[in-house]
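# Overview (structure and organization)
Now for the letters of each chain:
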Amino acid sequence: MSKVTVVGAGNVGATCANVLVTQGIADEVVLIDIKPGFSEGKAMDIMQTANILHLDSRLTGVTNDYAMTAGSDMVVITSGVPRKPGMTREELIGVNAGIVKSVTESVLAHSPNAVILCVANPMDTMTYLIHKISGLPKNRIIGMGGALDSARFKYYLTQALKANANDVDGMVIGGHGDTTMIPLKRFATWRGVPVAEYLAAEELDKVAADTMVGGATLTGLLGTSAWIAPGAAAAQCVAAVLGDQKKVITCSALLEGEYGEKDLCIGVPCLLGRNGIEKIVELPLNDEEKALFKKSAEAVHKTNAALPC
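Along each chain, the written sequence defines residue order, and numbers are assigned to residues from 1. Reporting in this predicted model follows two pLDDT cut-offs: at least 70 for local features of residues, and 80 or more for side-chain atom pairs to be given and counted; totals over whole chains, interfaces and linings ignore these cut-offs and use all residues. By convention in this description, side-chain values take in all heavy atoms of the structure and omit both hydrogens and water.

Secondary structure counts use DSSP, requiring at least four H or I residues in a row for a helix and at least two E residues in a row for a strand, with both numbered from the N terminus. Secondary-structure assignment places threonine 219 in helix 8 (residues 214-222). To sort residues, take the accessible area from a 1.4 Å probe on protein chains only and compare it with the maximum for the residue type: under 20% means buried, over 50% means exposed, and anything in between is partly exposed. Taking the relative accessible area as the measure of exposure, threonine 219 reaches 3% and is therefore buried. Residues threonine 219 and valine 6, 213 residues apart in the sequence, show an inter-C-alpha distance of 23 Å.

This part is about the packing of helix 6 (residues 145-161) against helix 7 (residues 201-212). As a packed pair, helix 6 and helix 7 sit with axes 9 Å apart at the nearest point and diverge in direction by 145 degrees. Classified by chirality, the crossing of helix 7 by helix 6 is right-handed. On helix 7, the residues that touch Asp149, Arg152, Phe153, Tyr156, Leu157 and Ala160 of helix 6 are Leu204, Val207, Asp210 and Thr211. When residues are grouped by polarity, Ala, Val, Leu, Ile, Met, Phe, Trp, Tyr, Cys and Pro land in nonpolar, Asp, Glu, Lys and Arg in charged, and all others, Gly among them, in polar. Among the residues making up the contact of helix 6 with helix 7, the classes are represented as six nonpolar, one polar and three charged. Throughout, an axis means a line fitted to C-alpha atoms (over the contacting stretch in the case of helices), and angles, computed between N-to-C directions, take values from 0 to 180 degrees. Two helices cross in a left-handed way if the nearer one is turned anticlockwise from the farther one by less than a right angle. They cross in a right-handed way if the turn is clockwise. Note on contacts: a residue pair is in contact if any heavy atoms of the two residues lie within 4.5 Å.

Attention now moves to the sheet that holds strand 10 (residues 189-190). Sheet architecture is open: three strands sit in the order 7-10-11, paired in antiparallel fashion. At either end of the open sheet lies a strand with only one pairing partner, and these are strand 7 (168-169) and strand 11 (193-194). Pairing between two strands requires that DSSP report at least two bridges joining them. Pairing of strand 10 with strand 11, which is carried by two bridges, proceeds in the antiparallel orientation. When the sheet's bridge partners are listed, tryptophan 190 is paired in strand 11 with valine 193.

Okay, helix 9 (residues 228-242) next. Helical geometry: 3.6 residues make up each α-helical turn, so side chains three or four residues apart lie on a common side. A helix is expected to span 1.5 Å multiplied by its residue count minus one. Helix length check: helix 9 (15 residues) gives 21 Å between terminal C-alpha atoms against 21 Å at 1.5 Å per residue, within 8%. Of all 15 residues making up helix 9, 11 are buried, and the element is well covered by its neighbours. Within the span of helix 9, buried status applies to Pro230, Gly231, Ala233, Ala234, Ala235, Cys237, Val238, Ala239, Ala240, Val241 and Leu242. Backbone geometry just after helix 9 places aspartate 244 at a positive phi near 50 degrees.

Opposite charge on two side chains permits them to pair, given that their charged atoms come into close proximity. Basic side-chain nitrogens of Lys or Arg form a salt bridge, by our definition, when they fall within 4 Å of a carboxyl oxygen of Asp or Glu. The tally for this structure, following the rule as stated, stands at 13 salt bridges. With its nearest N and O atoms 3.0 Å apart, the salt bridge here joins lysine 246 to aspartate 244. Given a relative accessible area of 33%, aspartate 244 falls into the partly exposed group. Salt-bridge contacts for lysine 246 lead to glutamate 278; the nearest nitrogen and oxygen are separated by 2.5 Å. Here the residue lysine 246 occupies a position in the loop between helix 9 and strand 12 (247-256), and glutamate 278 occupies one in strand 14 (residues 276-280), the gap between them amounting to 32 residues.

This next bit is on unusual backbone geometry. Apart from glycine, the bulk of residues carry a negative phi angle, and the bulk of peptide bonds sit in the trans form. Residue proline 122 is bonded to the preceding asparagine 121 through a cis peptide linkage, with omega at -5 degrees. Structurally, the position occupied by proline 122 is in the loop between strand 5 (115-118) and helix 5 (123-134). A positive phi angle, near 55 degrees, is found at lysine 162, a position not held by glycine. Of note, lysine 162 is situated in the loop between helix 6 and strand 7. One non-glycine residue, aspartate 244, lies in positive phi territory at about 50 degrees. Note that aspartate 244 resides in the loop between helix 9 and strand 12.

Okay, the pairing of strand 5 next. Of the two faces of strand 5, the one carrying Val115 and Leu117 and the one carrying Ile116 and Cys118 are both buried. With four bridges joining them, strand 4 (residues 74-77) and strand 5 adopt parallel strand pairing. The residue of strand 5 that forms the bridge with valine 76 is leucine 117. In this sheet, strand 6 (residues 141-143) lies alongside strand 5 in parallel orientation, the contact comprising three bridges. The residue bridging leucine 117 from the neighbouring strand is isoleucine 142, located in strand 6. A right-handed crossover is one whose linking path, passing over the helix from the first strand to the second, runs clockwise when the strands point away from the viewer. Taking the sense of rotation as the criterion, the β-α-β connection linking strand 5, helix 5 and strand 6 turns out right-handed.

In this structure, histidine 176 sits in the loop between strand 8 (172-174) and strand 9 (181-183). Overall, histidine 176 belongs to the buried group, its relative accessible area being 7%. Pairs of N or O atoms within 3.5 Å make up the polar contacts considered here, provided that, within protein, one atom can donate a hydrogen while the other can accept it, and that residues adjacent in sequence are counted only when both atoms are side-chain atoms. Among the polar contacts listed, one links the side chain of histidine 176 to the side chain of aspartate 149, at a separation of 2.8 Å.

Rendered as structure tokens:
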């Protein structure tokens with residue numbers, strides 16, 4: 001029996017819980033929120049599809065009762081203030097740091113062996129904060145951002161190639177921010193062939209540029225942060241861990257010398273399995289990619305320095 005707690009019943013948290021249940025990723029899911037009745041209502045709405053979709057997983061909504069989360073194998077932290085149009089992820093640091101700190105302490109009091117997946121923004125810095133306050137080994141703390149950024153990169157590649165999404169692969173590393181993420185154009189492929197064989201340099205540059213502002217584009221269109229792809233990306237990471245899939249997904253991981261960085265959480269390819277981050281995969285970056293990664297790391301270090309604790 002697998003158990004997952006999703007903290008925050010807003011759009012991203014509810015979507016993550018919905019995917020976990022409808023895809024049968026977890027046997028039991030607890031959706032928790034501080035707003036009375038909110039998580040209960042979301043859980044009830046989702047579970048009313050059980051007969052329609054032939055679901056076997058169970059979803060329970062609770063208000064601020066962390067005892068109900070006891071024994072969770074994984075905890076997904078989505079709680080925090082979402083972005084509004086014109087806001088950067090970094091502008092959320094003050095209020096969200098307090099929320100993430102409180103949530104981390106609460107969930108670990110009841111599930112000390114859980115793997116934690118951080119979704120709250122600014123995601124790399126919130127993941128770093130969890131490392132600092134929890135004392136957990138580095139493999140048990142994962143930041144989701146790169147999984148989402150890579151999914152957006154593959155979406156824009158698919159659109160440019162007019163291809164089937166399942167035939168396209170691509171990866172985004174670096175910070176989870178509009179100016180810090182690095183779509184790795186050189187590594188992108190269509191059925192194993194480099195996409196540079198099919199797209200002109202300017203087309204590929206546009207794909208990368210659209211990827212970098214993918215979140216801001218949706219925030220402008222929707223009036224708030226996106227939630228369907230973020231929730232699904234979080235669920236993808238949970239599935240890789242609970243299912244011991246040994247799948248390589250870009251995640252924010254604590255670096256201790258990898259990619260020439262240390263004391264930093266930033267997006268890099270990670271092998272995810274039952275123990276969380278089981279390996280950080282070091283790519284053979286060229287000089288241009290190394291320079292971009294260094295610049296991205298410097299920006300994340302700067303954001304980390306603004307942490308209030």
